[in-house]
Amino acid sequence: MANVPVPASGAAPRPDKPIHPKGLYKAFAASLTGTALEWYDFAVYSAAAAVVFPIVFFPSSDPLTGTILAFSTYAVGYVSRPVGGIIFGRLGDRIGRKKVLVTTLMIIGVATVLIGVLPGYGSIGIAAPIILVLLRFAQGVGVGGEWGGAVLLSSEYGDPHRRGFWASAAQVGPPAGNLMANGALAVLTLVLTEEQFISFGWRIAFLVSALLVGFGLWIRLKLEDTPIFKAIEAHGEQPSAPVREVFNKELRPLIAAILCRVGPDVLYALFTVFTLTYGIQVLGYERNEVLTAVLIGSAFQLFMIPLAGAVSDRFNRRLVYGAGAVVGAVWTFVFFGILGGDNPPMLIAGIVLGLMAHSFMYGPQAAFIVEQFSPRLRSTGSSLAYTFAGVIGGAIAPLMFTLLLSQFGTWIPVAIYVAVAAAVTAVGLALGRNSNTVEDEDYRLLLEGSAAARQQTAIGVAN
């Protein structure tokens, strides 16, 4: 750990409990709620890109062409993430985790509401998809700065020996947001006709996010920054150029963190985004049938992700992560092989099991990535890893799936693509390091020492 002061007493003992239990619970809720709200925004867009945007913003005589164009705007949200990762990841190490998280939530909320009121191609022509791309870019910038701070918010309040569980709070956000988004879309499709849903119904799901983002801001504004950052700030340990320092001093951890994310991102895109297109356009399922299957799979993940994080605290984190990658790659072949039309139970079972395999990568992922970097560079390193991995993983995955299916007319190249992504994750795990809890405990002792010194000074002044 570079430039980290170590207490004179030597290695820090394991704390019996977190320093601020109430703060820990608030941090867990803020991390979970914030990422859930932001992934609600992203998931609404993902679902709309599959079933609505090809008609509203990218009209074409060929439905598959319209879908490819819509997924291209989906990818823009990932490509813009490194911008947010660089800007807000750096600020997270410079000015604190909390201030960054308030800003990122506002950016995503405003962009999502504006998408909800954006006129379609039929009203303003080519300006409609151009503005849509710009708003999608803004969403990506916000999400790029969100994840690293949200993970640190919960993990740096918790016991570092249980980092897998506490850090999983932010990881529950995607399935929770996906659950809310697809649930909202499913309800809308039930109560509205096809014409009403395409005309205005999908916009309601975007506009609802204004209330959700307001609730998330209320939670985050009431929360203090993490004890780890307070200690870093109190001792003047903030890096002056965190991005440069990560690339100069912690390049291998950065590469490991980037590569380990590729497999989970690709697998998640397959079972929550591409299945909408494949199930509806290729297999002939009704929209509600596919959305229901994704809803059920996301509901299972609400419990499986924290469980997987907790399991990785008891066993080797990289081993648990790697097992999830292997199972996910194998299950993709099985899923497509057994899936056919007019069999909703099989569709549900396939998606649930696929997302369970994803959970055993995604649950330990936040803790694994955090542990690759020293505490004073965690926000920058984690944000860079998250955003760069998104570009090569989740950003292009739905587009590549659609192109491969269009080119070859079979699911086999799609499954091979997932297997290659899982292999990339395995390389990242091999390059990474195991947990080092002493780093956090040293900073916590420094914070306790600073508090004790201030208290003694106050007593002396009073006397």
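Data block above holds the structure.
Residues numbered from 1 in each chain as written. Predicted model: local features only at pLDDT ≥ 70, side-chain atom pairs only at ≥ 80, totals over all residues. Heavy atoms only, no water.

J.: Explain helix H11 (residues 242-249) to me, using residue names and the numbers behind them.
T.: Those residues of H11 that sit buried are Pro242, Glu245 and Val246. With its buried residues spanning 100° around the axis, H11 presents them on a single face. Those residues of H11 that are exposed and angled more than 90 degrees off the buried face are Arg244 and Asn248. (Buried < 20%, exposed > 50% of the residue type's maximum accessible area, 1.4 Å probe, protein only. Helix = DSSP H or I, 4+ residues; strand = E, 2+ residues; numbered from the N terminus. Arc of directions from axis to C-beta.)

J.: For the pattern of salt bridges, give the residues involved together with the corresponding values.
T.: In total, this model carries 8 salt bridges according to the counting rule given. What emerges from the salt-bridge pattern is a single network uniting Arg163, Asp313, Arg317 and Glu371. (Salt bridge = Lys/Arg side-chain N within 4 Å of Asp/Glu carboxyl O.)

J.: I'd like a rundown of helix H17 (residues 397-408), residues and numbers included.
T.: Taking 1.5 Å as the rise per residue, H17 with 12 residues should run 16 Å; its terminal C-alpha atoms sit 16 Å apart, in good agreement. Residues of H17 that are buried: Ala397, Pro398, Leu399, Phe401, Thr402, Leu404 and Leu405. Count one or two residues on from H17 and you reach Gly409, which has phi positive near 70°. (Expected span 1.5 Å × (residues − 1).)

J.: Summarise the nonpolar core; cite the residues concerned and give the values.
T.: Counting residues in each nonpolar core, the largest one holds 103 residues, and the members touching the most others are Val52, Phe53, Phe57, Trp202 and Phe401. No other element matches the 14 residues that helix H12 (residues 251-282) contributes to this core. Excluding anything up to four places from it in sequence, Phe57 contacts Leu118, Pro119, Gly120, Tyr121, Ala128, Pro129, Leu132 and Trp202. (Core = buried A, V, L, I, M, F, W, Y, C linked by side-chain atoms within 4.5 Å. Contact = heavy atoms within 4.5 Å.)

J.: Give a detailed account of the side chain of Thr112, specifying residues and quantitative values.
T.: Along the chain, Thr112 falls in helix H5 (residues 97-116). Side chain to side chain, Thr112 and Gln139 meet in a polar contact 2.8 Å long. Discounting chain neighbours no more than four positions away, the residues touching Thr112 are Asp41, Gln139, Phe206 and Ser209. (Polar contact = N/O pair within 3.5 Å; in protein donor to acceptor, adjacent residues only side chain to side chain.)

J.: So what's going on with the environment of Gly354? Which residues, and what values?
T.: Within the secondary structure, Gly354 sits in helix H15 (residues 344-370). Given the relative accessible area of 0%, Gly354 is considered buried. Apart from residues lying up to four places away in sequence, Gly354 is in contact with Leu267, Phe271 and Trp331.

J.: Explain the packing of H5 against helix H9 (residues 194-221) residue by residue, including any values.
T.: As a packed pair, H5 and H9 sit with axes 8 Å apart at the nearest point and diverge in direction by 165°. As far as their axial angle goes, H9 and H5 are roughly antiparallel. When you trace H5 past H9, the crossing you get is left-handed. Between H5 and H9, the residues in contact are Lys98, Leu101, Val102, Thr104, Leu105, Met106, Gly109, Thr112, Val113, Ile115 and Gly116 and Trp202, Arg203, Phe206, Leu207, Ser209, Ala210, Val213, Gly216, Leu217, Arg220 and Leu221, respectively. Across the contact of H5 with H9, the residue classes break down as 13 nonpolar, 6 polar and 3 charged. (Axes fitted to C-alpha atoms, helices over the stretch in contact; angles between N-to-C directions. Parallel < 35°, antiparallel > 145°, perpendicular 65-115°, else oblique. Left-handed = near helix turned anticlockwise from the far one by under 90°. Nonpolar A, V, L, I, M, F, W, Y, C, P; charged D, E, K, R; others polar.)

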